[in-house]
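If you want the building blocks of each chain, they are given just below.
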Amino acid sequence: MKIALGVTGGVAAYKAAELVRRLQQEKLDVQVVMTRSAREFITPLTFAALTGKKVITEMFGADDAAPANVESAIEHIAVAQRIDLLLVAPATADILGQFAHGIAGDFLSTLYLATKAPVVVAPAMNVNMWEHPATQENLKTLRARGVHVVDPEEGYLACGMTGAGRLAATEAIVEKVCGVLGLRHDLEGQTVLVTAGPTREDIDPVRFLTNRSSGKMGYALAEAASRRGARVVLISGPTDLPVPEGVDWVPVRTTEEMRNAVRERAREAQVVIMAAAVSDYRPAAAQSQKLKRGDDRLTLELEPTPDILAELGREKGSRILVGFAAETDRLAENARGKLARKGADMIVANDVTQEGAGFDTDTNIVTLFLRDGREVPLPKLSKFDVANRILDQVLQLRQR
Ligand code: C5P
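Residues numbered from 1 in each chain as written. Predicted model: local features only at pLDDT ≥ 70, side-chain atom pairs only at ≥ 80, totals over all residues. Heavy atoms only, no water.

(A) Examining the overall build of the protein more closely. Across its full length, the protein carries 14 helices and 21 strands. When the backbone C-alpha atoms are referred to their principal axes, the protein occupies close to 80 × 50 × 35 Å. Out of the 400 residues in the protein, the part that is buried amounts to 52%. Contacts in the protein between residues at least 24 apart in sequence constitute 65% of all its contacts with a sequence separation of at least 6. About 19100 Å² of surface is accessible on the protein, with carbon and sulfur atoms providing 50% of the total. Side chains of the protein carry 49 positive and 52 negative charges; the gap between the two charge centres is 3 Å. (Helix = DSSP H or I, 4+ residues; strand = E, 2+ residues; numbered from the N terminus. Buried < 20%, exposed > 50% of the residue type's maximum accessible area, 1.4 Å probe, protein only. Contact = heavy atoms within 4.5 Å. Areas by Shrake-Rupley, 256 points an atom, 1.4 Å probe, with all protein chains shown as cover. Lys, Arg positive; Asp, Glu negative; His and termini not counted. Charge placed at Lys NZ, Arg CZ, Asp CG, Glu CD.)

If you want it as structure tokens, here you go:
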């Protein structure tokens, strides 16, 4: 996987060299981007030698001598699209301020705005700068936007003061990066069953009832769990999505088929995540012949489908059970109701009327409602990030 490492101008910049080495040991392909002030502390040559790649230092032109050209002027877009993650270590108070306020003053701050990849920052600065309300406000803004922060450590600082502000240990930064990329094998030995997509309930041989589910959330969960070392069974209604590598894929069509597949395969799973938008009703009788057009009103009689999640909830054992709740109103109330009614350990609730949430988007805005009463609201994140946050909670529940 490819990451960009932004190095900004602090005494801790020299530690970024060691960090590059450790990231490479994790098989990450590192492109270093340096701010102008970082180059006062350490030369690009060090990073070029370590990565075997030209270090990006300027927005326009590869170095001060070279004239601006089209390739370098649009390079930030190319890098932004290429990377799986943007890491900034050390991150100065200045760069946090630029990120928080959307100021695209140089290559690194422009890259932050241009990329859709997850962002990790490891701040390092003088203790007073760290504790300043301006810095803390900026961090709050960034956290709310889904930026991952590796907090600095307490200790002796280069300025002679003691307190918080020392760059986090290299291992802590590497751990966070690998965690966000889903490269930690913390689900090794577990079987995770995920349902995804819509179901189709036949009305007649050519028509069916369905919904707007794309399957993206469930497929992201399957991919994330698989990357974290789990054996994954993905029971999927009809979607156009590619099947994640290494996943045991079980295609189904109707709620009844999904129910049978889930009941059969749940036995082998320690974790069941029902992300599918299962139909709650189906035509009471599917017609064997195509319904003909007529002048009278047509009434379609529907009957409830079996609630797969609630069925599993009744014979749950030690299994962790996660359900989804797509709501258009009274989110918390409905989610808490489902938690109890379905016997689930967690309900992932989203308000599908919100921009950037729900069906057929690449992002989601959810709140996790947990059996112990906790509520974990998450900012707008990619569905892959949401998947990893859900799996983090699942792991905590497993460890209890
Ligand atoms: O009650 P509601 O359909 O909103 O609940 C949503 C949750 O229940 C989802 O996790 C969905 O996969 C699951 N469900 C189910 N069987 C149904 C309907 C929903 O397992 N028939």
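Next comes the rest of the account.
(B) Here's a closer look at the sheet that holds strand S20 (residues 375-377). Read from one edge to the other, the open sheet built from eight strands follows the order S12-S11-S8-S13-S16-S17-S19-S20, with strand pairing classed as mixed. Looking along the sheet, the strands with just one partner apiece sit at the ends: strand S12 (248-251) and S20. Geometrically, the sheet is characterised by an average inter-axis angle of 15 degrees between neighbouring strands, direction not taken into account. (Pairing = 2+ DSSP bridges. Axes fitted to C-alpha atoms, helices over the stretch in contact; angles between N-to-C directions.)

(C) How the structure looks around the nonpolar core. Counting 37 residues, the largest nonpolar core has Leu221, Met346 and Ile390 as its most contacted members. Of all the secondary structure elements, the ones that give two or more residues to this core are strand S8 (191-196), helix H10 (216-227), strand S11 (231-236), strand S13 (271-274), strand S16 (320-327), strand S17 (346-351), strand S19 (366-370) and helix H14 (383-399). Among the elements that line this core, the one with the most residues is H14, at eight residues. What methionine 346 contacts, discounting residues up to four positions off in sequence, is Leu321, Val322, Gly323, Leu339, Leu368, Phe369, Leu370, Ile390, Gln393, Val394 and Leu397. (Core = buried A, V, L, I, M, F, W, Y, C linked by side-chain atoms within 4.5 Å.)

(D) Representation of the sheet that holds strand S1 (residues 2-7) in the model. Strand order in the open sheet made by the five strands is S2-S1-S3-S4-S5, with parallel pairing throughout. Across the chains shown, the open sheet's two edge strands, defined by having one partner strand only, are strand S2 (29-34) and strand S5 (148-149). Of the strand pairs in this sheet, strand S3 (residues 85-91) and strand S4 (residues 119-123) are connected by four bridges, and their pairing is parallel. Looking at S4, one finds that leucine 86 is bridged to valine 119. Strands in contact with helix H1 (residues 15-25) are S1, S2 and S3; relative to S1, the strand with the most contacts, it is inclined by about 170 degrees.

(E) Region of interest: the side chain of threonine 110. If you trace the backbone, threonine 110 turns up in helix H6 (residues 107-114). Within the structure, threonine 110 has its side chain in polar contact with the backbone oxygen of aspartate 106 (distance 2.6 Å). Among residues more than four places away in sequence, those in contact with threonine 110 are Met59, His76 and Ala104. (Polar contact = N/O pair within 3.5 Å; in protein donor to acceptor, adjacent residues only side chain to side chain.)

(F) Broad picture of unusual backbone geometry. Each neighbour pair has its own omega, and for alanine 89 with proline 90 the value is -5 degrees, a cis peptide bond. By secondary structure assignment, the location of proline 90 is in strand S3. Unlike most non-glycine residues, lysine 27 shows phi in positive territory, near 65 degrees. Within the fold, lysine 27 resides in the loop between H1 and S2. With a phi close to 55 degrees, aspartate 360 is a non-glycine residue in the positive phi region.

(G) Layout of the pairing of strand S9 (residues 201-204). Bridge count between S9 and strand S10 (residues 207-209): three bridges; the pairing is antiparallel. When the bridges of S10 are listed, aspartate 204 appears paired with arginine 207.

(H) Local environment of a nonpolar patch on the surface. Residues Val11, Tyr14 and Phe41 make up a contiguous nonpolar surface patch of about 320 Å² in total accessible area. Looking at the element boundaries, phenylalanine 41 is found in the loop between S2 and helix H2 (44-51). (Patch = residues over 30% accessible without salt bridge, like charges linked within 9 Å, V, L, I, M, F, W, Y side chains within 5 Å. Salt bridge = Lys/Arg side-chain N within 4 Å of Asp/Glu carboxyl O.)

(I) Molecular detail of the pairing of S8. The buried fraction of S8 amounts to six of the six residues, a majority that puts the element mostly inside the structure. The alternating pattern of S8 places Thr191, Leu193 and Thr195 and Val192, Val194 and Ala196 on opposite faces, both of which are buried. Across six bridges, S8 lies against S11 in parallel orientation. Bridging across to S11, valine 192 finds its partner in valine 232. The pairing of S8 with S13 spans four bridges and is parallel. Its bridge partner lying in S13, leucine 193 is registered against valine 272.

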